[in-house]
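# Structure at a glance
Listed below, chain by chain, are the residues.
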Amino acid sequence: MKLKHKIHLSSTLLMFLVLLILAVVIYYSFSSLAYETEIERLESEVEVMVSTFNANNNEESPDNILRAYVPVDGLIKEKNQSSGLLDTIIQDPSVNVQIPNDVEGNSGRMEVEGEQFAYVTTPVIWPGGEVVELIVAQSLREVTANLSALRLVLISVTLLSMIPIFLSSALLGRVLTRPIEGLTGTMRRIQRDGSFEKLPVAGESRDELSQMGLTFNEMIGLLEENYRKQEEFVSNASHELKTPLTVISSYTDLLQRRGSQDPALQEEALTAIRAETERMRQLIEQLLHIARRSQAQMDWRKMDLEPVLSQVVTAMNASYDRQFHLQLSGQPLIVETDVQQLKQLLYILLDNARKYSEDRIDLEAGTDGAVYIKIRDYGVGIPKDALPHVFERFYRVDKARSRETGGFGLGLSLARELADSLRLRLEIDSIERLGTTVTIVFSGDFNVGELQSGQEG
Ligand code: ADP
């Protein structure tokens, strides 16, 4: 069954039940109230009758007094207490039913031949001294008639009010399910066409359905963005691989045509092919690095940064003929981090400092509210307008120079991903031709993905 039909049916049924219960409660409360009132009225009438009867000093025949008090649509039965035999029945001509001789209690309600009666019993002393029990009964046909009219009104009102309820719950079902149907339709179109379609969401409303629409649109926006980035990434990576492949293919052609006669050309071709192959190997390695990053497991440990920084600086000094200086503030630098990933981040930043400068490179660490590491070089620097882009994949300030240094524009994007997973803040300050400082800040409450970049003044 469709959701809208379920909503329609269940809300109609629920409302019907509520109205039915309400009608039944109204009917029974009203009927018991009406019957009680009639019994009480009869009781007070009987009280008056008994006091008149007792005040009569044999002046009037007892039957005459009783006759004067016979209720409209009612009767009075006299029962001799000692003989138990029924003496007289005085009744209104409109009543012709047989009231039973034994009734329960002093007053109440009974049904005789399908008709409701209120009754009151009372003993009286007859002029001869005998005790006679009187049963005074009165038909409740008026109340019964009123009650059946009330029943009719309640049934009609219940049935009539079911019409707008039926229509409005159908409307409710449709209103509630329309956005869901829209969502399903959009999803189907996305599945069929591979498009990134968004839902039309009514601007003002803040209800759950518009929240669902907004969340869906945000999710689609994110998917689209990721898809676009992935496409861009694949196209950039293919482009990067195309250049070395073109060089290799041109040199192999050349070798095939003239290689055997020209040893110098042979040497040049082989050197170029080896260099380009190495470049491709490095690119593929970096791409694999990026691909594996998403699966990397974090191994968080509390530690002192000093030995880690010393190891990194020693390794860099041993690998390159350059001067890497470590400057420590002397305070203990206790942080919680994943040491392998932190080292990887430091190697990327130190390698960049090495590639884009000739002078010494400083690695400084200390605390300034939070623990920080600064990597400072005195090289070419980064132009102000390029700073916001340096963390983008495949972005290089100077393509020719990067090619010389072997860069693909992937180092800083990987560094930012590492910093995000290590919950570090990366700041980059640079002045063209003076140098670059990259600051890593350890801060527990750092919002992952946040990046600050600026230029030293
Ligand atoms: P690459 O692998 O090409 O170095 P990165 O992503 O590491 O790529 O850096 C992006 C660009 O930012 C580089 O091409 C370079 O122009 C610039 N850059 C990065 N670090 C420095 C630095 N320390 N000094 C000068 N320029 C830098």
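Residues numbered from 1 in each chain as written. Predicted model: local features only at pLDDT ≥ 70, side-chain atom pairs only at ≥ 80, totals over all residues. Heavy atoms only, no water.

## Examining the overall build of the chain
Within the chain one finds nine helices and 13 strands. Long-range pairs, those at least 24 residues apart, make up 62% of the contacts in the chain between residues at least 6 apart in sequence. Looking at the chain as shown, the accessible area adds up to about 27000 Å², and 55% of this sits on carbon and sulfur atoms. Positive and negative side-chain charges in the chain, numbering 46 and 65 respectively, have mean positions lying 15 Å apart. (Helix = DSSP H or I, 4+ residues; strand = E, 2+ residues; numbered from the N terminus. Contact = heavy atoms within 4.5 Å. Areas by Shrake-Rupley, 256 points an atom, 1.4 Å probe, with all protein chains shown as cover. Lys, Arg positive; Asp, Glu negative; His and termini not counted. Charge placed at Lys NZ, Arg CZ, Asp CG, Glu CD.)

## Re the UniProt feature "transmembrane region" (unreviewed entry) in the chain
Listed under "transmembrane region" (unreviewed entry) in the UniProt record, and renumbered for this structure, are residues 12-30. With 100% helix and 0% strand, residues 12-30 has its two end C-alpha atoms placed 27 Å apart. (UniProt positions renumbered as here; feature names shortened; annotations may be inferred.)

## Considering the domain arrangement of the chain
Assigned domains of the chain: these are domain 1 (3-149), domain 2 (208-291) and domain 3 (298-456). Averaged C-alpha coordinates put domain 1 and domain 3 at centres separated by 101 Å. (Domains from an automatic or database assignment.)

## Quick notes on the site of the ligand
Residues in close proximity to the ligand total 20 residues, the closest being N352, Y356, D377, G409 and L412. One nitrogen or oxygen atom from the side chain of N352 is found 2.7 Å from an oxygen atom belonging to the ligand. G411 has a polar backbone atom sitting 3.2 Å from an oxygen atom of the ligand. Here the ligand has 520 Å² of accessible area as a free molecule, and 97% of this is covered by the chains. If you list the elements that add at least two residues to the shell around the ligand, you get α7 (339-355) and α9 (411-421). (Near = heavy atom within 4 Å. Polar contact = N/O pair within 3.5 Å; in protein donor to acceptor, adjacent residues only side chain to side chain.)

## Comments concerning the packing of helix α5 (residues 263-293) against α9
Contact geometry of α5 with α9 gives a least axis separation of 11 Å together with a crossing angle of 20 degrees. Looking at the two axes, α5 sits roughly parallel to α9. The crossing of α5 and α9 is left-handed. On the side of α5, the interface is formed by Q286, H289, I290 and R293, while α9 contributes G411, L414, E417, L418 and S421. (Axes fitted to C-alpha atoms, helices over the stretch in contact; angles between N-to-C directions. Parallel < 35°, antiparallel > 145°, perpendicular 65-115°, else oblique. Left-handed = near helix turned anticlockwise from the far one by under 90°.)

## Notes on the pattern of salt bridges
Within this structure, the stated rule accounts for 22 salt bridges. Salt-bridge contacts for R189 lead to E197; the nearest nitrogen and oxygen are separated by 2.8 Å. Look at R189 and you get partly exposed, because its relative accessible area is 30%. Here E417 ties to R393 by a salt bridge, and the two come within 2.6 Å at their closest N and O atoms. Of this pair, E417 sits in helix α9 while R393 sits in the loop between β10 (370-377) and α8 (399-405), placing them 24 residues apart in sequence. What makes E417 partly exposed here is its relative accessible area of 25%. Relative accessible area serves as the criterion here: at 32%, R393 is assigned to the partly exposed category. Within this structure, E225, R228, K229 and E232 form a network of salt bridges that share partners. (Salt bridge = Lys/Arg side-chain N within 4 Å of Asp/Glu carboxyl O. Buried < 20%, exposed > 50% of the residue type's maximum accessible area, 1.4 Å probe, protein only.)

## A closer look at the packing of aromatic side chains
Under the defined criterion, the tally for this structure stands at four aromatic pairs. Relative to Y28, the ring of Y27 lies with its centre 5.3 Å away and its plane at 90 degrees, an arrangement referred to as edge-to-face. Relative to F394, the ring of F233 has its centre 5.5 Å away and its plane inclined at 45 degrees; by these criteria the two rings are tilted. With F233 in helix α4 (residues 208-259) and F394 in the loop between β10 and α8, this residue pair connects regions lying 161 residues apart in the sequence. The buried category is assigned to F394, whose relative accessible area is 7%. For the cation-ring pair, K374 lies above Y372, with the distance from its terminal atom to the ring centre recorded as 5.5 Å. (Phe/Tyr/Trp six-rings, centres within 6.5 Å; stacked < 30°, edge-to-face > 60°. Lys NZ or Arg CZ within 6 Å of the ring centre and 35° of its normal.)

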